[in-house]
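Residue strings, one per chain:
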Amino acid sequence: MSVSAIGTAQYLAAEYGAQKAARRTAGKSFSGYMDNMVQKTQMPSGTFELHISNDIDGKVIGAGCGNDYSFTVYEPEDFDPDNPVYKMKVWDRDGNVTEQMADMSKVDSKNSDYLNMFAYSSYLTAMGMYPGAQSAFMGASAFQYGMDGLSYGSLFGRTNWMNVLQNAMQTQYSAGNLQGYMNYKGYYDTLSKINHPGWLL
C-alpha cells in the first residue's frame, strides 16, 4: 500500500503529520519545527526517504511518496500571492531529484499532471478557497490510480481531473456515502468556479 492511501480521508502521511505538528506548535513558526526533516518510510521496494523541508527551498505545502518516488511542494520565501508560484521537487527510486516551478494561475484542472494538480489543491487549501481541496484531490487520485497504481511515471501524465472528480462523486453517491459525495462535490464546484488558465484569486 502506498503512503498516500493511509487514512479514510486519503491524507498523505506527511501532510497529516505536518498538520498535527502545526496544531501542537500553534503560534510558533511551523517551518522552524520542520526544517531539515527527512522521514524514512518503509515501502515494499525498500526504505524510501520523504523529504519534508529544508533551509533553502521554503515552507512545505505538501509532500508524499510511493513505491518509487517522493515529492515535496514548497512555498518559496519570496512567494507573492499576486503571482503564486510554488517550487516542486521530485525524487525517483534512486534518489535523483527533479525540480520545477509551478505557477498556480496556469494550472488547468482539465489537463494537468498529478504534481501540478497536487500543488494547486494544496494552494486552494492554504488560501482557504476550499479547505478540503488537498484531501479531496488525494481521495480522487486513489479512484484514478488505485491504492498502489501511482508510480513515478504517473506523476507526469496529464489527466482531466474534473472527470476524475465526477467519477469519485458518482462512486460515493452510489455507495450511499453522502458525506464523501459532498466533499468531492465541494471541491468540484470550487474548481468549476475559479479554475482556468490565467485566473488569479
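Residues numbered from 1 in each chain as written. Predicted model: local features only at pLDDT ≥ 70, side-chain atom pairs only at ≥ 80, totals over all residues. Heavy atoms only, no water.

## A word on the overall build of the protein chain
Looking only at helices and strands, one finds 6 helices and 6 strands in the protein chain. Helices (α) and strands (β) of the protein chain occur, in sequence order from the N terminus, as α-α-β-β-β-β-β-β-α-α-α-α. Within the span of the protein chain, comprising 201 residues, buried residues form 50% of the whole. Long-range contacts, defined here as pairs at least 24 residues apart, represent 48% of the contacts in the protein chain between residues at least 6 apart. (Helix = DSSP H or I, 4+ residues; strand = E, 2+ residues; numbered from the N terminus. Buried < 20%, exposed > 50% of the residue type's maximum accessible area, 1.4 Å probe, protein only. Contact = heavy atoms within 4.5 Å.)

## Observations concerning the nonpolar core
The nonpolar side chains of a soluble globular protein tend to be buried, and buried together. Counting residues in hydrophobic clusters, the biggest one holds 39 residues, and the most contacted among them are Y114, Y120 and Y187. Looking at this core, the elements that each hand over two or more residues are β4 (69-75), β5 (85-92), α3 (114-126), α4 (133-145), α5 (161-174) and α6 (178-194). Per-element tally for this core: the top contributor is α3, with 8 residues. Setting aside chain neighbours within four positions, we find Y187 in contact with M117, S121, L124, Y130, A133, A136, F137 and L165. (Core = buried A, V, L, I, M, F, W, Y, C linked by side-chain atoms within 4.5 Å.)

## Structural notes on the packing of aromatic side chains
Evaluation of the coordinates by the stated rule reveals 15 aromatic pairs. Ring plane angle 65° and centroid distance 5.2 Å describe the contact between Y152 and F156, whose orientation is recorded as edge-to-face. Its relative accessible area of 22% is what places Y152 among the partly exposed residues. The rings of Y69, F71, Y114, F118, F137, Y145 and W161 are connected pair by pair, giving a single aromatic cluster. (Phe/Tyr/Trp six-rings, centres within 6.5 Å; stacked < 30°, edge-to-face > 60°.)

## Some details on the pattern of salt bridges
Inspection of every chain in the model, using the stated rule, returns 6 salt bridges. With a shortest N-O distance of 2.6 Å, K87 and D57 are connected by a salt bridge. You can see K87 sitting in strand β5 and its partner D57 sitting in the loop between β2 (46-51) and β3 (59-65), a full 30 residues away along the chain. One salt-bridge network, in which partners are shared between bridges, spans D57, K87, K89 and E99. (Salt bridge = Lys/Arg side-chain N within 4 Å of Asp/Glu carboxyl O.)

## Things to note about α4
Taking 1.5 Å per residue, 13 residues should reach 18 Å; α4 reaches 18 Å between its end C-alpha atoms and fits that length. In terms of burial, α4 is largely enclosed, as 11 of its 13 residues are buried. Those residues of α4 not exposed but buried are A133, Q134, S135, A136, F137, M138, G139, A140, S141, A142 and Y145. (Expected span 1.5 Å × (residues − 1).)

## Brief notes about the environment of V60
The residue V60 is located in strand β3 in this model. C-alpha of V60 to C-alpha of Y74: the two residues are 14 residues apart in sequence and 4.5 Å apart in space.

## Thoughts on the packing of α4 against α5
The geometry of α4 relative to α5 is characterised by a closest axis approach of 9 Å and an angle of 90° between their N-to-C directions. As summarised for this structure, α4 and α5 are arranged roughly perpendicular, according to the angle between their axes. For the pair α4 and α5, contact is made by F137, A140, S141, F143, Q144 and Y145 and by W161, V164, L165, A168, T171 and Q172, respectively. Per-class residue counts for the contact of α4 with α5 are 8 nonpolar, 4 polar and no charged. (Axes fitted to C-alpha atoms, helices over the stretch in contact; angles between N-to-C directions. Parallel < 35°, antiparallel > 145°, perpendicular 65-115°, else oblique. Nonpolar A, V, L, I, M, F, W, Y, C, P; charged D, E, K, R; others polar.)

## Comments concerning the sheet that holds β3
With antiparallel pairing, the 4 strands of this open sheet are ordered in space as β3-β4-β5-β6. In this open sheet, the two edge strands, each paired with only one partner strand, are β3 and β6 (97-103). Pairs of neighbouring strands in the sheet enclose a mean axial angle of 20°, with direction left out of account. Each of β3, β4, β5 and β6 touches α3; the most contacted strand, β5, lies at about 135° to it. (Pairing = 2+ DSSP bridges.)

## Re the pairing of β3
β3 sits mainly inside the fold: 6 of its 7 residues count as buried. Note that β3 and β4 share 6 bridges and pair antiparallel. Within β4, the residue paired with K59 across the bridge is E75. Counted between consecutive antiparallel strands, the loop separating β3 from β4 contains 3 residues.

Worth remembering: the numbers are spatial, not functional.
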